[in-house]
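Structural overview
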Amino acid sequence: SVPARSTSTPCQCSFAGALNPAQVGLFLAPPCAKKRPAFCEESQNRCMSLRRRSSLLLLLRFSASSAEADLELVRGWPERPPGSAAKRLTLIRHAEALHNRDARQMPNYFTDGLGHTAAYWDSPLTPEGEQQARLLAGKLQFRQEVGSPQLVAVSPMTRTLQTASLAFPDIPEPAAGRAPLVRPPFVATSLARERIGNHSCDGRRERVALEGEFPHVDFSEVADGADEMWEHKEVEPDGMNSTACGARAGRLLAWLWRRPEPEIAVVSHWVFLSHLLRPHGFDDAFVQMGNAEMRFVTLQERAARPSSRSSSDSSSGPKQEL
């Protein structure tokens, strides 16, 4: 069913209505600014308010879900001291998919609830998206001098699998003057799926179909048969502040931490990645990811915090903000 629309007076922007939390996840997927329909000022303000509220609540929920591992993400790839177990992560949002393009170009995409129809089930990349993913390969080769991933952890959705496969090609016999490219191992994990909402694009095809189309991917961590997660929506209390999605993001970090590879690429989705990043204090400018954009972060054990006793003993001077 189509998400309930706001009862406020509809604005006159290109979305023909004010945003509501159930829709904001797809509305905010930020393509190139030149291609994005103009938000009205009211819509922009409401989106910013939702993001600020979700950051705080996700922090509290993520802390509970990852307490056992006690992990944190930090920006960039700082030099690792000898013996450090820290992992360098390359976070990649999938390239432009069919629903991204049509949501931007079709005036009736939202008003007619087209995103809820079977036409967009597990939507694939567009030709533009395929080109975006190929361009990613060049950017990633440049980064390999710093840290080449030994593993690609990928969401088992068609658009992420396509993006990862094109961004990490296997070219053992390249053209003259070019070095061969060896694709790292791929592991599909449902922990990296998009937040499960009501949009058909987030429904998964059967595993057997994916295995036939992507034989280089290890699907052993994906449930066999039809989509086992589709009926378990992650929209409470709202789509951009999902308790269940935030907890799943914490489980993904714990899963990555247990992996033996120190350099890992994660190919996933924007709303899910926002649930992954915001609890660690990253600002909106870092969290906002366009199609085929990357972020570089380090997963490490959380630094020791001063005890409550030492904090109370320092009451004579200005309190340190932790």
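In case you missed it, the structure is sitting above this.
Residues numbered from 1 in each chain as written. Predicted model: local features only at pLDDT ≥ 70, side-chain atom pairs only at ≥ 80, totals over all residues. Heavy atoms only, no water.

Here the focus is the sheet that holds strand β9 (residues 294-301). As summarised here, the arrangement of the 7 strands in space is β1-β9-β2-β8-β3-β4-β5, forming an open sheet in which the pairing is mixed. Whereas interior strands pair on both sides, the edge strands pair on one side only; in this sheet they are β1 (71-75) and β5 (217-218). When strand β2 (residues 87-93) meets strand β8 (residues 263-268), the two strands line up parallel, connected through 6 bridges. Bridging from a neighbouring strand, R93 pairs with S268 of β8. Against the sheet, helix α8 (residues 270-277) engages β1, β2, β8 and β9, with an angle of about 145 degrees to β2. (Pairing = 2+ DSSP bridges. Helix = DSSP H or I, 4+ residues; strand = E, 2+ residues; numbered from the N terminus. Contact = heavy atoms within 4.5 Å. Axes fitted to C-alpha atoms, helices over the stretch in contact; angles between N-to-C directions.)

The tally for this structure, following the rule as stated, stands at 6 aromatic pairs. Ring geometry for Y109 against F110: centres 5.1 Å apart, planes inclined by 85 degrees, an arrangement best described as edge-to-face. Grouping residues by exposure puts Y109 and F110 together as buried. What links up through ring pairs into an aromatic cluster is the set Y109, F110 and Y120. Against the face of F186 rests R183, its NZ or CZ located 5.5 Å from the ring centre. (Phe/Tyr/Trp six-rings, centres within 6.5 Å; stacked < 30°, edge-to-face > 60°. Buried < 20%, exposed > 50% of the residue type's maximum accessible area, 1.4 Å probe, protein only. Lys NZ or Arg CZ within 6 Å of the ring centre and 35° of its normal.)

So, on to the pattern of salt bridges. Taken as a whole and assessed by the stated rule, the structure comprises 17 salt bridges. D227 is paired through a salt bridge with R193; the nearest N and O atoms lie 2.8 Å apart. In this pair, D227 is assigned in the loop between β5 and β6 (237-238) and R193 in the loop between β4 (186-188) and α6 (207-213), connecting sequence segments 34 residues apart. There is no split in this pair, since D227 and R193 are both buried. Put simply, E261 and R259 hold a salt bridge, and the shortest N to O gap is 2.9 Å. Assessed through its relative accessible area of 13%, E261 is described here as buried. Several salt bridges share partner residues, and in doing so they unite D70, E72 and R302 into one network. (Salt bridge = Lys/Arg side-chain N within 4 Å of Asp/Glu carboxyl O.)

Bringing unusual backbone geometry into the picture now. Of note, the amide linkage connecting E236 to P237 takes the cis form, showing an omega dihedral of 0 degrees. Positive phi outside glycine occurs at A292, with the angle close to 65 degrees. Summarising the element assignment, A292 is placed in the loop between α9 (284-287) and β9.

Turning to the environment of W255, a few remarks are in order. Locating W255 in the fold gives a position in helix α7 (residues 243-258). For the pair W255 and T189, spaced 66 residues apart in sequence, the C-alpha separation works out to 9.7 Å. If we ignore the near neighbours within four places in the chain, the residues touching W255 are A153, V187, T189, L191 and E221.

In this section: the packing of α7 against α8. For the pair α7 and α8, the least separation of the axes is 8 Å and the interaxial angle reads 75 degrees. Classified by the interaxial angle, the pair formed by α7 and α8 is roughly perpendicular. Along its contact with α7, which presents C245, G246, R248, A249, L252 and L253, the element α8 presents F272, H275 and L276. Looking at the contact of α7 with α8 residue by residue, the class counts come to 6 nonpolar, 2 polar and 1 charged. (Parallel < 35°, antiparallel > 145°, perpendicular 65-115°, else oblique. Nonpolar A, V, L, I, M, F, W, Y, C, P; charged D, E, K, R; others polar.)

The next thing to look at is the environment of A226. The topology assignment puts A226 in the loop between β5 and β6. Sequence-wise, A226 and R207 are 19 residues apart; in three dimensions their C-alpha atoms are separated by 7.0 Å. When sequence neighbours within four positions are dropped, the list of residues in contact with A226 reads R204 and E206.

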